[in-house]
Amino acid sequence: MERIYTDADADRSALDGGTVAILGYGSQGRAHARNLRDSGFRVVVGARPGGGAERRAKADGFRTRTPADAAREAELVALLTPDMSHRSVYAEAIAPNLAAGATLLVAHGFSVHYGEVNPRPDIDVILVAPKGPGDLVRREYEIGRGVPCLFAVQQDKSGKARDRALAYASGIGGTKGGALETSFAEETETDLFGEQAVLCGGVSELIVAGYSTLVEEGYKPEVAYFECLHELKLIVDLLYEGGLAKMHEFVSETAKYGDFVSGSRVINSETRERMREVLRDIRTGKFARDWIAENEAGKPNYDAMLKADLDEPIEKVGARLRRNMAWLQSRPESEAA
């Protein structure tokens, strides 16, 4: 049984009262900065002068510096900008300025694992990855709870890297939710696989395929939307709250029987082989190389595929139906993990 680390396992003094620099003030960066400050850490936000991140950070009461100046004064730099920016931010702002023996932290291992960032050998390199969007990380912290997180050590120059990772995890509330130790490779590869095979790629393709099957067989698009997309949240919530057991407890006997006899007809050995292919591309670095090359080319294929997704007929039907769902209009916009 994998050990779950809690507040009792974290010693916040491992960061020695030094400054934590947050580079990247988006969903995760803003949540981390605010939680760390409220946990008693000294926080500075590294942001481009005059930019939106600087304005938001100042409005939240943070002291801001240029990314280079923030890295220069920090004991720990949390690099929380988008993955594809890590190479340039590290090379230009962090590598020339971070002190020997200090710590570089990321919330996703992509850039380090695939060599976009090659950290100097005289620093610690750690990962702390909350398993939820920044909005949830902040909300749970504010009510005295926390979102579970993963932590890992890639490089331990100081001999205190692991303690620093747990201290940071504690500072953002992660050890209240429970922290699991992993590796950069495991976090990166499982995260990418989950997104591609299940959470984003797998689910969206399953929804569109189910919707299209019903519509092509003559069923009303609106009814197909409700059955293949709208009601998905009901099932996902049950799974999220209590796994397969809670789902089976709350769906009908007919639904359970249909699950048992038909689920494996759709998700079968051929599907699992395709999943293994996805995982092989991730583990060999093929996906990372393709994605890096796509970015460097200006993302033409990405843009075309995004447009095709947003042009799906289910999108137009859903937009019309959701206008009548008053409870959706009062909710804040969801944030991606």
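Calculation criteria
Starting afresh in each chain, residues are numbered from 1 along the sequence in its written order. Totals for whole chains, interfaces and linings use every residue, but because this is a predicted model, local features are given only for residues with pLDDT of at least 70 and side-chain atom pairs only at 80 or more, for both listing and counting. The side-chain values count all of the structure's non-hydrogen atoms but skip hydrogen atoms and water molecules. Helix axes are fitted to C-alpha atoms over the stretch in contact, other axes to C-alpha atoms as well, and angles between N-to-C directions run from 0 to 180 degrees. Every helix listed is a DSSP run of H or I at least four residues long, and every strand listed is a run of E at least two residues long, numbered separately from the N terminus. Throughout this description, any angle smaller than 35 degrees is read as roughly parallel, any larger than 145 degrees as roughly antiparallel, any in the 65 to 115 degree range as roughly perpendicular, and the remainder as oblique. By definition, any crossing whose near helix is turned counterclockwise from its far helix by less than a right angle is left-handed, and any crossing with a clockwise turn is right-handed. Any pair of residues with heavy atoms lying within 4.5 Å of one another is described as a contacting pair. Residues are grouped as follows: Ala, Val, Leu, Ile, Met, Phe, Trp, Tyr, Cys and Pro are nonpolar; Asp, Glu, Lys and Arg are charged; every other residue, Gly included, is polar. In this description, a disulfide is simply a cysteine sulfur pair whose atoms lie within 2.5 Å. Relative accessibility under 20% of the residue-type maximum defines a buried residue, over 50% an exposed one, and the middle range a partly exposed one, all with a 1.4 Å probe and only protein chains included. Whether two aromatic rings pair depends on their centres lying within 6.5 Å, for rings of Phe, Tyr and Trp, where Trp uses its six-membered ring; planes under 30 degrees apart make the pair stacked, over 60 edge-to-face, and the rest tilted. Two limits define a charge over a ring: the Lys NZ or Arg CZ must be within 6 Å of the ring centre, and within 35 degrees of the ring normal.

A. Structural detail: the packing of helix α1 (residues 27-38) against helix α6 (residues 134-142). Running from N to C, α1 and α6 point in directions that differ by 20 degrees, and their axes come no closer than 7 Å. The angle between α1 and α6 places the two elements in the roughly parallel class. With respect to the hand of their crossing, α1 and α6 are arranged in left-handed fashion. The segment α1 lies against α6, with S27, Q28, A31, R34, N35 and D38 engaging G134, D135, V137, R138 and Y141. For the contact of α1 with α6, the residue count by class is 3 nonpolar, 4 polar and 4 charged.

B. Looking closely at the state of the cysteines. Under the definition given, this model contains 0 disulfides. This cysteine, C200, is not joined by any disulfide, and C228 carries the nearest cysteine sulfur, 19 Å off. Taking relative accessible area as the criterion, C200 reaches 47% and is therefore assigned partly exposed.

C. Inspection of the side chain of R138 at higher detail. Counting through the fold element by element, R138 comes out in helix α6. You can call R138 buried: its relative accessible area is 12%. Residues contacting R138, with those up to four places away along its chain left out, are A31, R34, N35 and D38.

D. The arrangement of unusual backbone geometry in detail. With a phi angle near 60 degrees, K299 is a residue other than glycine that sits in the positive phi range. Position of K299 relative to the elements: it lies in the loop between α15 (286-296) and α16 (300-310). For K299, a relative accessible area of 28% puts it in the partly exposed group.

E. Looking closely at the packing of aromatic side chains. Taken as a whole and judged by the stated rule, the model has 5 aromatic pairs. Ring geometry for Y5 against F151: centres 5.4 Å apart, planes inclined by 85 degrees, an arrangement best described as edge-to-face. Of this pair, Y5 sits in the segment before β1 (19-23) while F151 sits in strand β7 (residues 149-155), and the two are 146 residues apart along the sequence. The buried category is assigned to F151, whose relative accessible area is 0%. Relative to F62, the ring of Y25 lies with its centre 6.1 Å away and its plane at 75 degrees, an arrangement referred to as edge-to-face. On the criterion of sequence distance, the pair formed by Y25 in the loop between β1 and α1 and F62 in the loop between α2 (52-59) and β3 (63-65) is long-range, its members being 37 residues apart. The class of F62 is buried, set by a relative accessible area of 6%. Lying across the ring of F62, R37 places its NZ or CZ 4.0 Å from the centre. The ring of Y302 carries K299 above its face, with NZ or CZ at 4.8 Å from the centroid.

Purely spatial values, then, with no claim about function.
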